[in-house]
Amino acid sequence: TTAKEFVINKAATAGQITISSAVFGRGTDFFCKDDRVLDNGGVHIIQTFLSVEKSEEIQIQGRTSRQGKKGTYQMVLLENDLNVKFELPLGSKDCVARKDMYEWLSAAREKRHIAKCELMKANLIEATEKDKKTHDFFDALLFGKQQAACGLFKELY
């Protein structure tokens, strides 16, 4: 068996703590066949990072209760990670009521997603403009318009 299979087979047994990366969050089924685990509430997942994508978080939560079995989930996050990855100012969490914390984190995730989409949109516009100028440059070369080709070359490079 591979190292990943070994981790998966061992993960959902009583007395076992399994630490894994986000790669185990999607498409990995941890089957719990240990009655001691099931009798004590099932598998418990602690996620130690805020997922950039909500869908990844949902997948990780789903690792807790497979095939209708019980399980629990929680997040334990480092404030510094939230500052670096989501630009949440240090200490800002202290101004958020505990009951509103998840909503606050989700809003930060959404803000980051929107900023990323805006950047992609701007990059697409720039790339489209450069593509057009590149076509114009090659057309100028093909039709012997050296002065126009030279000007376009300078704009492109």
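This text follows the structure it describes.
Summary of the structure given here. Keep in mind it's a predicted model, so treat the numbers as computed, not measured.

What about the packing of aromatic side chains?
Overall, the coordinates contain three aromatic pairs when judged by the stated rule. Consider the rings of Phe137 and Phe138, whose centres lie 5.3 Å apart with planes at 65°: the pair is edge-to-face. Assessed through its relative accessible area of 47%, Phe138 is described here as partly exposed. Look at Phe137 and Phe153: their rings are 5.9 Å apart centre to centre, the planes differ by 40°, and that puts the pair in the tilted class. Here Phe137 is found in helix 5 (residues 101-142), whereas its partner Phe153 is found in helix 6 (residues 146-156), with 16 residues between them in sequence. On the basis of relative accessibility, which here comes to 42%, the residue Phe153 falls in the partly exposed class. Site record: aromatic cluster; members linked through ring pairs are Phe137, Phe138, Phe153 and Tyr157. The positively charged end of Arg112 is found above the aromatic ring belonging to Phe86, 5.7 Å away from the centroid.

Cut-offs and rules
- Residues numbered from 1 in each chain as written.
- Predicted model: local features only at pLDDT ≥ 70, side-chain atom pairs only at ≥ 80, totals over all residues.
- Heavy atoms only, no water.
- Phe/Tyr/Trp six-rings, centres within 6.5 Å; stacked < 30°, edge-to-face > 60°.
- Buried < 20%, exposed > 50% of the residue type's maximum accessible area, 1.4 Å probe, protein only.
- Helix = DSSP H or I, 4+ residues; strand = E, 2+ residues; numbered from the N terminus.
- Lys NZ or Arg CZ within 6 Å of the ring centre and 35° of its normal.

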